[in-house]
Amino acid sequence: MDVATLEGLPTGLTHRPLVPGDAAALTAIIATEELADTGEVSIEEADIVADWQRPGFDLATSAVGVLDGGRLVAYAEHSGADRADASVHPSHHGRGIGTALADWVRRTARARGASVVGMPVPVGSPGDRLLDALGWRVRWTSWVLSLPEGREVRPQPLPAGYALREAAAADHRAVWTVVEDAFLEWSVRERQTFEDFAAQVMLRPGFEPWNLRVVTDPAGDVVGASFVVVAHGEGYVDRLAVRRDQRGRGLATALLADSFARAREHGATRSGLSTDSRTGALGLYERVGMEATQTWVNRATEV
């Protein structure tokens with residue numbers, strides 16, 4: 001679907017396809033809305049660049065920006081299958097922009113063969129209230145968790161013969177397999193290609209080898225992995241997975257403790273991650289001392 005089909009904008013606003021050069025302006029919009037909705041900022045420009053550089057994502061036909069004069073004030077994107085994202089600068093809330101973008105998302109997803117499409121919003125936020133009013137249902141709940149200041153995840157001893165280390169380039173496909181296998185146990189979607197995974201992880205702007213951690217079994221096979229970044233002073237574990245037949249041995253806790261420790265070595269003063277109700281992992285993170293600081297829902301609509 002051509003992004004030019006965005007309809008229903010208030011008089012005086014225009015729209016156009018987004019381009020890579022919009023990443024910084026878009027980061028500022030999302031950050032301002034995050035701060036208003038949750039009291040803190042999580043987004044980094046690297047997050048947007050990494051998403052947009054996926055070979056399987058066509059920015060020109062998958063994202064639309066709304067402009068007030070020459071200033072970008074809102075956007076929406078259909079990231080693929082049933083996933084979408086949108087943001088409106090708080091200074092432009094209440095003007096009908098979000099309604100127009102929600103309609104664009106629904107029609108774009110339908111034109112691409114999806115039967116349902118959803119997006120994450122903080123509970124009780126203007127975006128949550130808008131989608132609720134438009135009839136978008138809650139599919140699942142997500143939590144942002146943090147370690148209280150001064151608290152650490154205790155290092156977890158590994159079983160005999162297991163090792164935890166920085167991932168080497170030769171491990172990257174094995175990491176992809178472990179992470180995708182684990183995530184697809186509860187996520188109803190197609191397997192992400194290695195190339196798209198690499199764009200978001202190993203090719204993410206600012207990536208350094210220490211960001212990717214692995215656990216290997218006595219045979220030397222990768223059976224667990226963690227991807228940790230430092231953003232806004234926080235060591236944030238973006239992905240954490242352990243192969244199904246290796247669970248119950250403390251590998252996830254070991255990876256978590258190691259990831260947060262490595263992030264502290266690289267300047268992080270806080271530690272965090274997010275999980276959702278599909279994974280069943282909330283209890284694990286609470287047991288190691290993490291506390292929920294934000295609650296989000298994924299709201300969806302049939303298209």
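Remember, it's a predicted structure, so these values are computed and weren't measured experimentally. (Residues numbered from 1 in each chain as written. Predicted model: local features only at pLDDT ≥ 70, side-chain atom pairs only at ≥ 80, totals over all residues. Heavy atoms only, no water.)

Draft legend 1. Fine view of the nonpolar core. Leu256, Phe260, Leu273, Tyr285 and Met290 are the most contacted members of the largest nonpolar core, which totals 26 residues. Mapped onto this core, the elements with two or more residues apiece are strand S6 (137–146), strand S9 (222–231), strand S10 (234–242), helix H8 (251–265) and helix H9 (282–287). Sort the elements by how many residues they give to this core and H8 lands first, with seven residues. Beyond its immediate sequence surroundings of up to four residues, Phe260 is in contact with Leu147, Val153, Gly235, Val237, Ser271, Gly272, Leu273 and Met290. With 24 residues, the next largest nonpolar core counts Leu9, Val66, Ala114 and Val121 among its residues. (Core = buried A, V, L, I, M, F, W, Y, C linked by side-chain atoms within 4.5 Å. Buried < 20%, exposed > 50% of the residue type's maximum accessible area, 1.4 Å probe, protein only. Helix = DSSP H or I, 4+ residues; strand = E, 2+ residues; numbered from the N terminus. Contact = heavy atoms within 4.5 Å.)

Draft legend 2. Up close: unusual backbone geometry. Residues other than glycine seldom take positive phi values, yet Ala81 does so here, at roughly 55°. In this structure, His232 takes a positive phi of about 55° despite not being glycine. Relative to the elements of secondary structure, His232 occurs in the loop between S9 and S10.

Draft legend 3. Representation of the packing of aromatic side chains in the model. Throughout the structure, instances matching the rule amount to three aromatic pairs. Their ring planes at 70° and their centres at 5.7 Å tell us that Trp176 and Phe194 sit as a pair that is edge-to-face. In this pair, Trp176 is assigned in helix H6 (residues 172–183) and Phe194 in helix H7 (residues 194–200), connecting sequence segments 18 residues apart. Relative accessible area serves as the criterion here: at 14%, Phe194 is assigned to the buried category. The residue whose ring lies beneath Arg278 is Trp140, and the NZ or CZ to ring-centre distance is 3.4 Å. (Phe/Tyr/Trp six-rings, centres within 6.5 Å; stacked < 30°, edge-to-face > 60°. Lys NZ or Arg CZ within 6 Å of the ring centre and 35° of its normal.)

Draft legend 4. View of the pairing of S10. Burial within S10 is extensive, with seven of its nine residues counted as buried. Strand direction decides the pairing type here: S9 and S10, joined by eight bridges, are antiparallel. Within S10, the residue paired with Val229 across the bridge is Tyr236. A loop of two residues connects S9 with S10, the two strands running antiparallel in sequence, and His232 in this loop sits at a positive phi of about 55°. (Pairing = 2+ DSSP bridges.)

Draft legend 5. Region of interest: helix H1 (residues 23–38). Between its first and last C-alpha, H1 extends 22 Å over 16 residues, near the 22 Å set by a 1.5 Å rise per residue. Those residues of H1 that sit buried are Ala23, Leu26, Thr27, Ile29, Ile30, Ala31, Glu33 and Glu34. Among the structural elements, helix H2 (45–52), strand S3 (71–80) and strand S4 (83–88) are those in contact with the buried residues of H1. (Expected span 1.5 Å × (residues − 1).)

Draft legend 6. Representation of the packing of H1 against H2. Relative orientation of the contacting elements H1 and H2 amounts to 125°, with a least axis distance of 9 Å. As summarised for this structure, H1 and H2 are arranged oblique, according to the angle between their axes. Where H1 crosses over H2, the two elements pack in a sense that is right-handed. Counting all contacts with H1, which are made through Ala23, Ala24, Leu26, Thr27 and Ile30, the residues of H2 involved are Glu45, Ile48, Val49 and Trp52. Across the contact of H1 with H2, the residue classes break down as seven nonpolar, one polar and one charged. (Axes fitted to C-alpha atoms, helices over the stretch in contact; angles between N-to-C directions. Parallel < 35°, antiparallel > 145°, perpendicular 65-115°, else oblique. Left-handed = near helix turned anticlockwise from the far one by under 90°. Nonpolar A, V, L, I, M, F, W, Y, C, P; charged D, E, K, R; others polar.)

Draft legend 7. Examining the pattern of salt bridges more closely. Scanning all chains against the criterion turns up 25 salt bridges. One salt bridge in this structure joins Asp22 and Arg16, with 2.9 Å as the shortest N-O distance. A relative accessible area of 8% places Asp22 in the buried class. Among the salt bridges present, the one from Arg151 reaches Glu291, with a minimum N-O distance of 3.7 Å. In this pair, Arg151 sits in the loop between S6 and strand S7 (163–166) while Glu291 sits in strand S12 (residues 291–302), placing the two residues 140 residues apart along the sequence. Exposure remark for Arg151: the relative accessible area of 39% places this residue in the partly exposed category. Salt bridges here are not isolated pairs; linked through shared partners, they connect Arg213, Asp258, Arg262 and Glu265. (Salt bridge = Lys/Arg side-chain N within 4 Å of Asp/Glu carboxyl O.)

Draft legend 8. Representation of the side chain of Asn298 in the model. Locating Asn298 in the fold gives a position in strand S12. Excluding residues within four positions of it along the chain, Asn298 makes contact with Gly118, Met119, Pro120, Arg137, Val138, Arg139 and Trp140.

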